[in-house]
Amino acid sequence: MIKVAICEDQKTELVLLQRIVEYLMQDRGLDYNIISYQSGEALLSDYVNHPCDLILLDVIMPDIDGIETGRKIREIDSDVELIYCTSSRDFAIAAYEIHAMGYLLKPYQSSRIGALLDYYLQKHPQMNQNYIQVKSKRKSVIIPYKDIIYMESDNKVVYIHTTTQGSVKVYNKLDVFEQQMRDERFLRCHQSYLINLQYVAGLVDSDFITISDDMIPIRKSGRKLIVKKYEDYLKKII
């Protein structure tokens, strides 16, 4: 889980920034928690009990401004990533001296915040475990785990069937994805198929049927164990 703090003294700006960050986190299939503050004092007093991985910090605030708040945070936590938010470029050097990861100019742009979030995930790959990034048609494509219905292997090609992006074709091996996506939702039910159990509508004879009405075969060898894993998954989520 990525623990995020947003510190912004203007309520409307705070709500807007939180909504953008929530949307971007959900779009990337990330597990997150956001705590909001309207002053540097509130953030500092709460930080010992609620340390964060990422802080989006307004610069211009009454009493303790964002720069001073960042300095005090650094005395407590040298690892947390800071992103400064302001309507002026005048504080860029001060932000750099505190080793801020980024600098956001108002009004907020989702694309810029998204780029900084992706940079954070590149710096901290251990936090990046809820989506895959693949190359398809010479483009980099991000696919959240939650959007993957199943993967289908055909020789050296894998088709990733999704709820949002259709079928994404990549040149890779299914074994690679199986190793990468160590998530209880995904089950290798056949040599050529890796299925997301959250999208299984039921069992028909020796096949899974997905919510998109696709029939996914279950291999004969180990079929009972595969069905049991599916039933165990159902019991856990009900």
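See the structure shown above.
Per chain, residue numbering runs from 1 following the sequence as it is written. Per-residue local features of the predicted model are confined to residues with pLDDT of at least 70, and side-chain atom pairs are confined, for both listing and counting, to 80 or more; whole-chain, interface and lining totals are unaffected and use all residues. Remark: hydrogens and water are excluded; side-chain values derive from all non-hydrogen atoms of the structure.

Draft legend 1. Summary view of the overall build of the chain. On a plain count of helices and strands, the chain comes out with 7 helices and 15 strands. Reported as C-alpha extents along the three principal axes, the dimensions of the chain are approximately 70 × 40 × 30 Å. Relative accessibility thresholds used throughout: buried, under 20% of the residue-type maximum; exposed, over 50%; partly exposed, between the two (1.4 Å probe, protein chains only). Each of the 238 residues in the chain was classed as buried or not, and the buried ones make up 46%. In the chain, 30 side chains carry a positive charge and 33 a negative one; their mean positions are 10 Å apart. Here a helix means four or more residues in a row that DSSP labels H or I, a strand means two or more in a row labelled E, and each is numbered from the N terminus. The charge count includes Lys and Arg as positive and Asp and Glu as negative, but it does not include His or the ends of the chains. Lysine's charge is taken at NZ, arginine's at CZ, aspartate's at CG and glutamate's at CD.

Draft legend 2. Just the pattern of salt bridges, in detail. One side-chain nitrogen of Lys or Arg within 4 Å of one carboxyl oxygen of Asp or Glu is enough to make a salt bridge. Enumeration according to the criterion identifies 10 salt bridges in this entry. Here Lys72 and Glu68 are joined by a salt bridge, their closest N and O atoms 3.8 Å apart. Note that Lys72 and Glu68 are positioned in helix 3 (residues 66-76) at a spacing of 4 residues, about one turn of the helix. In this structure Lys72 comes out as partly exposed when scored by relative accessible area, which is 32%. The partner of Lys228 in a salt bridge is Asp232, and the shortest N-O contact between them spans 2.9 Å. Pair noted here: Lys228 and Asp232 are both in helix 7 (residues 223-237), with a separation of 4 residues, about one helical turn. On the accessibility criterion, Lys228 (44% relative accessible area) is partly exposed. Here the salt bridges share partners, and the residues they tie into one network are Glu8, Asp58 and Lys106.

Draft legend 3. Quick peek at the environment of Met25. By secondary structure assignment, the location of Met25 is in helix 1 (residues 11-27). Residue Met25 is classed as buried on the basis of its relative accessible area, which comes to 0%. Along the sequence, Met25 and Ile2 sit 23 residues apart, while their C-alpha atoms lie 9.3 Å from each other. Residue contacts are counted whenever heavy atoms from the two residues lie within 4.5 Å of one another. Each residue touching Met25, except ones within four places of it in the same chain, is listed here: Ile2, Val4, Leu30, Tyr32 and Leu117.

Draft legend 4. Representation of the packing of aromatic side chains. For Phe, Tyr and Trp, rings pair up if their centres lie within 6.5 Å, where Trp contributes its six-membered ring, and each pair is then called stacked (planes under 30 degrees apart), edge-to-face (over 60) or tilted (otherwise). As enumerated under the stated definition, the model contains 3 aromatic pairs in all. For the pair Tyr150 and Tyr193, a centre-to-centre distance of 6.2 Å together with 45° between the ring planes defines the contact as tilted. On the criterion of sequence distance, the pair formed by Tyr150 in strand 8 (residues 148-154) and Tyr193 in strand 12 (residues 193-196) is long-range, its members being 43 residues apart. Exposure remark for Tyr193: the relative accessible area of 15% places this residue in the buried category.

Draft legend 5. Fine view of the sheet that holds strand 3 (residues 54-58). Paired strands, as defined in this entry, are two strands with at least two bridges between them according to DSSP. Across the sheet, 5 strands lie side by side as 2-1-3-4-5; this open sheet has parallel pairing. Edge positions in the open sheet fall to strand 2 (32-37) and strand 5 (102-105), since each of these has one partner strand only. Taken pair by pair, the neighbouring strands of this sheet meet at an average axis angle of 20°, ignoring direction. Fitting a line to C-alpha atoms yields each axis, with helices limited to the stretch in contact; the angle taken between N-to-C directions then spans 0 to 180 degrees. Lying over the sheet, helix 3 contacts strand 3 and strand 4 (81-86), oriented at roughly 175° with respect to strand 4.

Draft legend 6. A look at the nonpolar core. Take the buried Ala, Val, Leu, Ile, Met, Phe, Trp, Tyr and Cys residues and link them wherever side-chain atoms come within 4.5 Å; each set so joined is a nonpolar core. Ile2, Val4, Ile6, Leu17, Val21, Leu56 and Ile113 are the most contacted members of the largest nonpolar core, which has 25 residues in total. Of all the secondary structure elements, the ones that give two or more residues to this core are strand 1 (2-7), helix 1, strand 3, strand 4 and helix 5 (110-123). Top element by residues in this core is helix 1. It accounts for 6 residues. Those residues in contact with Val21 that lie beyond four places of it in its chain are Ile6, Ile34, Leu56 and Ile113. Ranked by size, the runner-up nonpolar core spans 19 residues in total, among them Cys7, Leu57, Ile67 and Val80.

Draft legend 7. Layout of the pairing of strand 9 (residues 157-162). Buried residues dominate strand 9, accounting for 5 of its 6 residues. Here strand 8 runs beside strand 9; their pairing, made up of 6 bridges, is antiparallel. When the bridges of strand 9 are listed, Asp154 appears paired with Val157. Between strand 8 and strand 9, which pair antiparallel one after the other, the connecting turn spans 2 residues, and Asn155 there sits at a positive phi close to 60°. Note: strand 9 against strand 10 (residues 167-171), 5 bridges, orientation antiparallel. When the bridges of strand 10 are listed, His161 appears paired with Ser167. Linking two consecutive strands that pair antiparallel, namely strand 9 and strand 10, is a turn of 4 residues; a positive phi of about 70° is found at Gly166 within it.

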